[in-house]
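Next come the chains, spelled out residue by residue.
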Amino acid sequence: MTNPTDLCAAFFHNIASTTTVSTTKSPHKRWRTAFATLYSYRVMLHLLFDKKKQIFSRNSRNPSYTTLNIQAYDYEDDDINGEGSLGSITQKTLTKIIKEKDLNFLRGFGGVEGVTVALETDAEKGISCEPTDLDRRRYVFGSNTYKKPPIKGFFFFAFEAFKDSIILILLGCATLSLVFGIKEHGLKEGWYDGGSIFIAVFLVVAVTGISNYRQARQFDKLSKKSDDIGVDVIRNGRRQQSSIFEIVVGDVVCLKIGDQIPADGLFLTGHSLQVDESSMTGESDHVIVDAGRNPFLFSGTKVADGYAQMLVLSVGMNTTWGEMMSTISSNSDEQTPLQARLDKLTSYIGKVGLAVAFLVLSVLLVRYFTGNTEDENGNREFTAKNTKISDVMNSMGSIFAAAVTIVVVAIPEGLPLAVTLTLAYSMKRMMADQAMVRKLSACETMGSATTICTDKTGTLTMNQMKVTKFWLGEELIEEKPSLIDRIVLELMHQGVGLNTTGSVYTPNSVSVPEFSGSPTEKAILSWAVLDLGMDVEDLKRASTILHVEAFNSEKKRSGVSIRKNGENFTHVHWKGAAEMILAMCSNYFDIDGSLKGLDNQKRSKFEQIIEGMAAQSLRCIAFAHKKIIEEEEIEVEDEGKLKELPENGLTLLGLVGLKDPCRTGVRQAVEACRNAGVSIKMITGDNIFTARAIAVECGILNHDQDLNGAVVEGQEFRNYSAEKRMEMVDKICVMARSSPFDKLLMVQCLKQKGEVVAVTGDGTNDALALKEADIGLSMGIQGTEVAKESSDIVILDDNFASITTVLSWGRCIYNNIQKFIQFQLTVNVAALVINFIAVIFSGKVPLTAVQLLWVNLIMDTLGALALATERPTKDLMEKKPIGRTEPLITSIMWRNLIAQALYQIAVLLILQFKGGSIFNVDKGVNNTLIFNTFVLCQIFNEFNARKLEKKNVFKGIHKNRLFLGIIGITLVLQVVMVEFLKRFADTERLSWGQWGACIGLAAVSWPIGWIVKFIPISDRPLSDLLKRVRDSKC
């Protein structure tokens, strides 16, 4: 009889040969034809050797061949994002299955198993890791990404800057000046004044547009980083973590509590799975997902309880979540509380500037129309009936432009820009320091934090668990347990290997096993496999899991019921917090397998063992077992709701102690927080003895500290009266055996006492506390997606030292803004006073519109870049936290600001009225001296603004290259403005002596800044001091 394999090979060889002529047009089509041929060959072989089909039966009277019409699939005619097919199933079919939740349609494909086969997926081992297979699936079904609205470009932000009313008024004035200038002096000479204003305005708009564009790009990068979620998948039988963007149709994804479901799919295996679909449906009730009644899982929803494995059916734009997210653009326009306060300050200063500008405008108009102004030749500018209308309009444009420019300088538009720059810069640097900001307001709020409530595991400790103690009965097993009774050892294997969310992957018999899951699960699995000789695959093959009670932070235990093949009774296993499991036990096994009763004396003995391990900073886990003979004794599912496993009459199998060493540098980080006036409270689920030992080791508790009231359990704190809680909350340093509700209660009490609270959290149930806190800090490694979405900042390395870094950055942001406010208000006050006094007494504005716009550019953009990008210093962590209601402009800032402003006003007014005679120069050179001295004063004052209180303003300046670079650029541009842009900037060239005089006058601001810092200033706000003086007079 002819070998069927040879028959198929010959048959498909003929097919390939007959299609050669028609497919020589394109290499792509040749490849696709080959693929179709090979794939069909594989399908045919599968059919030939399928015993159920019995194609080649001995009694078959069918012909010895079958005619097949095979079409080469043309990919070019298909949309790569969802219209292709893999084998016999298309994306359209998959979409219909999942979106319509049609069970009958699903059963028509053979249920979940049929779809799994159709997608060429192994339900246990997943898909292949081969790049060709992954690329093929992406080509056919699309990638797990969705289209986003395009990022706004530079021209959008430039156009937005043009919408500013002040800019529009200046453009109007420039247009008038340009038109009348050209009409009067001709194109060659008449365009300078108006053209100069145009160029200056466009320069300001361009710089503003570039700054806002860069900020938008920065936020977009952070948004992409935030969206890149790690997902556990099974490929080639190995559980591994992959980016959510790398998920493909056919993948087997592992889900646990708190995970975001990364794609649309079907439930494969799992237990007690409940899903929060509120993000899709708005319904708050959790949905039970199982293999029978509801196997449908949707992208963007969250796992509320249980665990499972899912088969991915649709990704990216083929999911409802992808369609929805593609229409939503990330919002980088969030206004922080500090920005809101600065807007009020800007509005107030702007009103003052408008009043001064109106007075200047009024004085200039009166002087002009009364004939008290003269032109460059000394002639009266306005003479009734003799002055042309065009000259009047040209003069009006110049006067109006001068007044409007005063408003431009007066309004501190650089304040919002400074906040934006410092936030964007800080967010970028914080990312490098392992902190990803999700909400802008958290950056500045963190600077005001007075209390940090932190977890223990993974934050204060390294989260690298290892089993170091094993107690079986009353004996400590210190070597490999060869003397343990066979039955007890088998029960331990069951309790570890089947009551777990972790997994063990061994590529071959000589390879070292790979362990996955939470650090606790990995440590216990590693110990059981390497020390107890456990074989997980044998366990799974020999047993059937009936029911699972998943672990969560409230119960602090997990349970499973199993039945061994061929047995008619059930084993129930519990694993969890040692003292809780011990309380559920009535008996215990000895090392030789003897079953002994657990009386009060023995129970006390085990409690001492647990306390002894806890005192060594070990996490204590207990294993317990119960054998149920009658099936009726354990309740199973009823209407989709899971019943609880028996929780009493258990037999204690053993106790293990897991060591999780403290992180390097955590003690120094805790000490740094205390020096900064921030109290640290550790809130943990571990027992009180472990918590106390870790707190002492980390420096949260001192060895000689009175622990009465400093260390409490969650239940004790919960049972306090409201008054007692408020009284005790400040004293508490450690809360052990706490639930998420206890953490929430702690946060609420602290906030009621006026504290600014930062809270760390990693679990799904921590979401409420993270939202309630002033700053929610989630963990990037161990944190669930629910916790991350509820938080303001994600600590990427789960390290407490990174939290201290975030604290210092928060203070740095606030301090940088204060530096810039002091610098800018000095310019505002000096410019307003100088222009106003000069107009009143001379009728002329000493600084032209272009010169004032140049000062505005230095002050707003370059000044913001220089001062808003200072990095945190140790000095910041030696101050007390910034209060919620502390004013932005402190008494210290007023002292510095007033001293510098008075000096600048005095020097420039002397130059205005006596400069010509002092330097023996004409009016043009004198005006240039005024302009040059004013700009140089601002450059020197930038150094003073670096330190609000410290006398040495040059400390650490070599580390801020950006500051030095901006100072250098400003100086070069100022030289260019004075020496080479005479017509543009209305300046005259200065001699070396005149440059030296300008620099000397400006440099005096350094000794003035040093001297005024010797003047003692109260910490109380200036408004409080003024009110106190007023009250004393009354």
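Residues numbered from 1 in each chain as written. Predicted model: local features only at pLDDT ≥ 70, side-chain atom pairs only at ≥ 80, totals over all residues. Heavy atoms only, no water.

Visitor: Could you give me a rundown of the overall build of the chain, with the residues and numbers involved?
Guide: If you tally the helices and strands in the chain, you get 36 helices and 28 strands. The buried share of the chain, taken over its 1034 residues, is 52%. Within the chain, contacts between residues at least 6 apart in sequence are counted, and of these 73% link residues at least 24 apart. Just so you have it, the chain exposes about 48500 Å², and 55% of that area is on carbon and sulfur atoms. (Helix = DSSP H or I, 4+ residues; strand = E, 2+ residues; numbered from the N terminus. Buried < 20%, exposed > 50% of the residue type's maximum accessible area, 1.4 Å probe, protein only. Contact = heavy atoms within 4.5 Å. Areas by Shrake-Rupley, 256 points an atom, 1.4 Å probe, with all protein chains shown as cover.)

Visitor: Any details on a negative patch on the surface? Residues and values, ideally.
Guide: A grouping of D122, E124, D535 and E537 is seen on the molecular surface, where their side chains present a negatively charged patch. Within the secondary structure, E124 sits in the loop between α5 (111–118) and α6 (131–141). For E124, a relative accessible area of 66% corresponds to the exposed category. (Patch = residues over 30% accessible without salt bridge, like charges linked within 9 Å, V, L, I, M, F, W, Y side chains within 5 Å. Salt bridge = Lys/Arg side-chain N within 4 Å of Asp/Glu carboxyl O. Lys, Arg positive; Asp, Glu negative; His and termini not counted. Charge placed at Lys NZ, Arg CZ, Asp CG, Glu CD.)

Visitor: I'd like a description of the nonpolar core, backed by residues and values.
Guide: Residues M446, I700, I793, F800 and I821 are the most contacted members of the largest nonpolar core, which totals 151 residues. Here the element with the most residues in this core is helix α28 (residues 800–842); it accounts for 19 residues. Discounting residues that sit within four places of it in the chain, M446 has contacts with I452, A758, I775, L777, I803, V806, L807 and G810. (Core = buried A, V, L, I, M, F, W, Y, C linked by side-chain atoms within 4.5 Å.)

Visitor: Talk me through unusual backbone geometry; I want residue IDs and the actual numbers.
Guide: In this model, S617 sits at a positive phi of 65°, which is unusual for a non-glycine residue. Position of S617 relative to the elements: it lies in the loop between α20 (600–615) and β21 (618–628). With a phi close to 45°, R737 is a non-glycine residue in the positive phi region. In this fold, R737 is placed in the loop between β25 (734–736) and α25 (740–752).

Visitor: Outline the pairing of β21, listing residues and values.
Guide: When you tally the buried positions in β21, you get 9 out of 11 residues, the bulk of the element. Sheet topology note: the strand β18 (residues 570–577)/β21 ladder contains 8 bridges and is antiparallel. Across the sheet, W574 pairs through a bridge with A624, a residue of β21. Note that β21 and strand β22 (residues 650–659) share 8 bridges and pair antiparallel. Bridge assignment links H625 to a residue of β22, and that residue is T651. (Pairing = 2+ DSSP bridges.)

Visitor: Can you lay out empty space enclosed by the protein for me, pointing to particular residues and giving the numbers?
Guide: Taken as a whole and assessed by the stated rule, the structure comprises 4 cavities of 30 Å³ or more. Around the second largest cavity sit Q822, N896, Q900, N944, K947, G1009, V1012 and K1013, which together line it. Residue assignment for the lining of the second largest cavity shows that the elements contributing at least two residues are α30 (891–919) and α35 (1005–1012). (1 Å grid on protein atoms, 1.4 Å probe; cavity = no way out; pocket = protein on both sides within 12 Å on 5 of 7 lines; lining within 4 Å. Points joined across faces, edges and corners; volume = space filled by probe spheres on them.)

Visitor: Tell me about α28, and name the residues and values.
Guide: An α-helix turns once every 3.6 residues. As a result, residues three or four positions apart point the same way. For α28, built from 43 residues, the straight-helix expectation of 63 Å at 1.5 Å per residue is met to within 8% by its first-to-last C-alpha distance of 63 Å. Burial of α28 is extensive: 34 of the 43 residues sit out of reach of the surface. Near the N-terminus of α28, the side chain that reaches the backbone nitrogen of A801, with its oxygen 3.1 Å away, is that of N799. (Expected span 1.5 Å × (residues − 1). Polar contact = N/O pair within 3.5 Å; in protein donor to acceptor, adjacent residues only side chain to side chain.)

Visitor: Pulling in residues and values, what's your account of the side chain of Q260?
Guide: Residue placement: Q260 occurs in the loop between β5 (252–255) and β6 (264–276). Residue classification places Q260 among the buried positions, given a relative accessible area of 11%. Sequence-distant contacts of Q260, that is, excluding residues within four places in its chain, are made with I229, I244, G300, T301, K302, W321, E785 and E789.

Visitor: Help me get a handle on the packing of aromatic side chains, residues and values and all.
Guide: Scanning the entire structure with this criterion turns up 16 aromatic pairs. Both rings, one in Y588 and one in F606, keep their centres 5.1 Å apart while their planes meet at 75°; by these two values the pair is edge-to-face. A residue pair is termed long-range when its members are at least 10 positions apart, and Y588 in strand β19 (residues 585–589) and F606 in helix α20 qualify at 18 residues. The buried category is assigned to Y588, whose relative accessible area is 1%. Through pairs of rings, three or more aromatic residues link up here, namely F940, F943, F954, F963 and W1006. Its guanidinium or amino end placed over the ring of F105, K96 lies 5.0 Å from that ring's centre, counting from NZ or CZ. Taking the ring centre of W574 as reference, the NZ or CZ of R557 above it sits at 5.6 Å. (Phe/Tyr/Trp six-rings, centres within 6.5 Å; stacked < 30°, edge-to-face > 60°. Lys NZ or Arg CZ within 6 Å of the ring centre and 35° of its normal.)

Visitor: A description of the pattern of salt bridges should follow, citing residues and the corresponding values.
Guide: Taken as a whole and assessed by the stated rule, the structure comprises 31 salt bridges. Its salt-bridge partner being D538, residue R541 comes within 2.4 Å of it at the nearest N-O pair. Taken together, the residues span about one helical turn, with R541 and D538 both in helix α18 (residues 536–542) at a distance of 3 residues. A relative accessible area of 39% places D538 in the partly exposed class. Note that K982 is salt-bridged to E988, the shortest N-O span being 3.5 Å. When salt bridges with common partners are traced through the structure, they connect E120, D133, R136 and R137 into a single cluster.

Visitor: Residues and numbers for the sheet that holds strand β27 (residues 775–779), please.
Guide: Taken in spatial order, the 8 strands line up as β10-β28-β27-β26-β11-β23-β25-β24 in an open sheet, and their pairing is mixed. If you trace the sheet from one side to the other, it starts and ends with β10 (435–437) and β24 (711–713), each paired once. Shown here is a sheet whose adjacent strand axes are inclined to one another by a mean of 20°, direction ignored. Pairing geometry for strand β26 (residues 757–761) and β27, over 4 bridges, is parallel. Pairing of A758 across the sheet is with I775, part of β27. On top of the sheet, α25 reaches β11 (451–454), β23 (679–683), β25 and β26; it is set at about 170° to β26, its chief contact. Contacts from α28 reach β10, β11, β23, β26, β27 and β28 (793–795), with the element oriented near 145° to β28. (Axes fitted to C-alpha atoms, helices over the stretch in contact; angles between N-to-C directions.)

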